[in-house]
Amino acid sequence: MDFADTRRKPNFTGKIAVAAALTVMCIIVLKQSPGFSGTSVFSRHEIGVTHVLVTGGAGYIGSHATLRLLKDNYRVTIVDNLSRGNMGAVRVLQRLFPQPGRLQFIYADLGDAKAVNKIFSENAFDAVMHFAAVAYVGESTMEPLRYYHNITSNTLTVLEAMATHNVNTLIYSSTCATYGEPDTMPIVETTPQNPINPYGKAKKMAEDIILDFTKSKKSNMAVMILRYFNVIGSDPEGRLGEAPRPELREHGRISGACFAAALGIVPGLKVHGTDYHTADGTCIRDYIDVTDLVDAHVKALDKALPGKVGIYNVGTGQGRSVKEFVEACKKATGASIEVSYFTRRPGDYAEVYSDPSKIHRELNWTAQYTDLGQSLSQAWKWQKDHPNGYGSA
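Residues numbered from 1 in each chain as written. Predicted model: local features only at pLDDT ≥ 70, side-chain atom pairs only at ≥ 80, totals over all residues. Heavy atoms only, no water.

**Student:** Tell me about the overall build of the protein chain, residues and numbers included.
**Tutor:** Assigned secondary structure in the protein chain consists of 12 helices and 13 strands. In the protein chain, 80% of the contacts between residues at least 6 apart in sequence involve partners at least 24 apart. Entry remark: accessible area of the protein chain is about 18800 Å², with carbon and sulfur atoms responsible for 53%. (Helix = DSSP H or I, 4+ residues; strand = E, 2+ residues; numbered from the N terminus. Contact = heavy atoms within 4.5 Å. Areas by Shrake-Rupley, 256 points an atom, 1.4 Å probe, with all protein chains shown as cover.)

**Student:** Lay out the pattern of salt bridges in plain terms, naming residues and giving numbers.
**Tutor:** For the coordinates displayed, the defined rule picks out 19 salt bridges. For glutamate 139, the salt bridge goes to arginine 84, with nearest N and O atoms at 2.8 Å. Of the two residues, glutamate 139 is situated in helix α5 (residues 137-142) and arginine 84 in the loop between β2 (75-80) and α3 (87-96); the sequence distance between them amounts to 55 residues. Under the relative-accessibility criterion, glutamate 139 is labelled buried at 4%. The buried category is assigned to arginine 84, whose relative accessible area is 19%. In this structure, lysine 118 engages glutamate 122 in a salt bridge whose closest nitrogen and oxygen atoms are separated by 2.8 Å. Remark: glutamate 122 and lysine 118 occur in helix α4 (residues 113-122); sequence separation between them is 4 residues, near one turn of the helix. Here lysine 118 falls in the partly exposed class, since its relative accessible area comes to 47%. Residues joined by salt bridges that share partners form a network here, namely Arg68, Asp72, Asp295 and Lys299. (Salt bridge = Lys/Arg side-chain N within 4 Å of Asp/Glu carboxyl O. Buried < 20%, exposed > 50% of the residue type's maximum accessible area, 1.4 Å probe, protein only.)

**Student:** Describe the pairing of strand β6 (residues 222-228), listing the residues and the values that go with them.
**Tutor:** Most of β6 sits out of view: 7 of its 7 residues are buried. Relative to β6, strand β5 (residues 169-175) runs parallel, the two being bridged by 7 bridges. Looking at β6, one finds that threonine 175 is bridged to tyrosine 228. Once you follow β5 into helix α7 (residues 198-214) and on to β6, the crossover reads as right-handed. (Pairing = 2+ DSSP bridges. Right-handed = clockwise from strand over helix to strand, strands pointing away.)

**Student:** Please give an account of helix α12 (residues 372-385) that cites residues and values.
**Tutor:** Over its 14 residues, α12 runs 20 Å from end to end, which matches the ideal 20 Å to within 8%, given 1.5 Å per residue. All of the buried residues in α12 are Leu372, Ser375, Leu376, Ala379, Trp380, Trp382 and Gln383. Each buried residue of α12 sits inside an arc of 160° when the element is viewed along its axis, so together they form one side. The secondary structure elements touched by the buried residues of α12 are β7 (230-232), α8 (254-262), β10 (287-289), β12 (320-321) and α10 (322-333). Here α12 starts with a cap whose side-chain oxygen sits 3.0 Å from the backbone nitrogen of glycine 373, and that cap is aspartate 371. (Expected span 1.5 Å × (residues − 1). Arc of directions from axis to C-beta. Polar contact = N/O pair within 3.5 Å; in protein donor to acceptor, adjacent residues only side chain to side chain.)

**Student:** An account of the environment of aspartate 183 is requested, with residue identities and associated values reported.
**Tutor:** Along the polypeptide, aspartate 183 turns up in the loop between β5 and α7. On a C-alpha basis, the gap between aspartate 183 and glutamate 351 in space is 9.9 Å, while along the polypeptide they are 168 residues apart.

**Student:** So what's going on with unusual backbone geometry? Which residues, and what values?
**Tutor:** Across the junction of methionine 185 and proline 186, the peptide omega takes the value 0°, indicating a cis bond. Relative to the helices and strands, proline 186 is located in the loop between β5 and α7. Even without a glycine there, the phi angle at leucine 82 is positive, about 60°. Note on placement: leucine 82 falls in the loop between β2 and α3. At asparagine 166, a position not held by glycine, the phi torsion is positive, near 60°. Mapped onto the secondary structure, asparagine 166 falls in the loop between α6 (144-164) and β5.

**Student:** Residues and numbers for the packing of aromatic side chains, please.
**Tutor:** Evaluated as defined, the whole model comprises 5 aromatic pairs. On the basis of an interplanar angle of 75° and a centroid distance of 5.2 Å, the ring pair of phenylalanine 120 and phenylalanine 125 is categorised as edge-to-face. Lying across the ring of phenylalanine 42, arginine 75 places its NZ or CZ 5.8 Å from the centre. Above the ring of phenylalanine 342, the side-chain terminus of lysine 270 is found at 5.8 Å from the ring centroid. (Phe/Tyr/Trp six-rings, centres within 6.5 Å; stacked < 30°, edge-to-face > 60°. Lys NZ or Arg CZ within 6 Å of the ring centre and 35° of its normal.)

**Student:** So, the sheet that holds β6: which residues are in play, and what are the values?
**Tutor:** If you walk across this open sheet you meet the 7 strands as β3-β2-β1-β4-β5-β6-β11, and the pairing is parallel. Lying at the two open borders of the sheet, with one neighbouring strand each, are β3 (103-107) and β11 (309-314). On average, each strand axis in the sheet is inclined to that of its neighbour by 15°, with strand direction left out of account. Note: strand β1 (residues 51-55) against β2, 5 bridges, orientation parallel. When the bridges of β2 are listed, threonine 55 appears paired with valine 79. Packing against the sheet, α6 makes contact with β4 (127-130) and β5, and its axis sits at approximately 170° to β5. (Axes fitted to C-alpha atoms, helices over the stretch in contact; angles between N-to-C directions.)

Take a look at the structure:
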């Protein structure tokens, strides 16, 4: 008995020693391997890697911008509170780019200054693309305070965090709504800004805050402000699309309302205003494809210079009436859509379309997807494949 016990003990001790040695070796190998650190790769700057914070990256435009950035080998952090965005879009992006250090999602509200400061303190951002915002003209006339908080105040919070943590490149998502109803068309960047609704006013206030800060001695920021027009379309490869929440269809983009009618989700399409001083009485808009729009953002990021501010209109330069749009949407969907006409919506303007000469001249950007029917057909394909948004395959 005594002999047998003494044989088993050294064997058990030897196994512990071997396991311990293997553990130490694994730790050494891991520490020597690329990408290993006690902290996240998102928390440190790397040569040759540009880390972009995309606010609102779970939303329609923000998710498409994130897709493009990831395709172009940027490192991306999405911050979104999902009040308008879709976690399904984030999951699509995570499946497409599963490699460590490519993409991270942080659930947070930009209205929480402490949370925003914590995000900046824990991540090494090189640039910010600030998309996050409520963005419906009609809704802004009903809830103006919400719009000033969400757009103007939250932009100030982001800007303060950038200043505190020495993040010096900002690509700001603005809007043609800051121009209001100009006396002449097309709209150029020097057209006076006289917004007529809370959405446009809130965006202009945010622009003013950014511009005032860039003029201070404490700032050496590279800033690009992109004022874009009416966004349509979806990813040409069908990976992402527009999925507005059902309760927002009344206020949302006309393309979303048209598709909802074509799918039978709503009984018909509502068009507000037929007595504008335009050829057919409906509003004139400049419809820009989302793929072109994110291309402008990437070009702006590439051209951003310290201490410089660039302001650009992002549009096709072509004005299309709402009636033209509706007919193109009917053709793209092949559906018989019942259209009802109502009085003007508060805060809307008769005619807006861009002169994109400046962005072409300075950033070498030109809209490529200018066929309205083609953009709507592409977006419609995604809608048919995803009748419940990101909740369906």
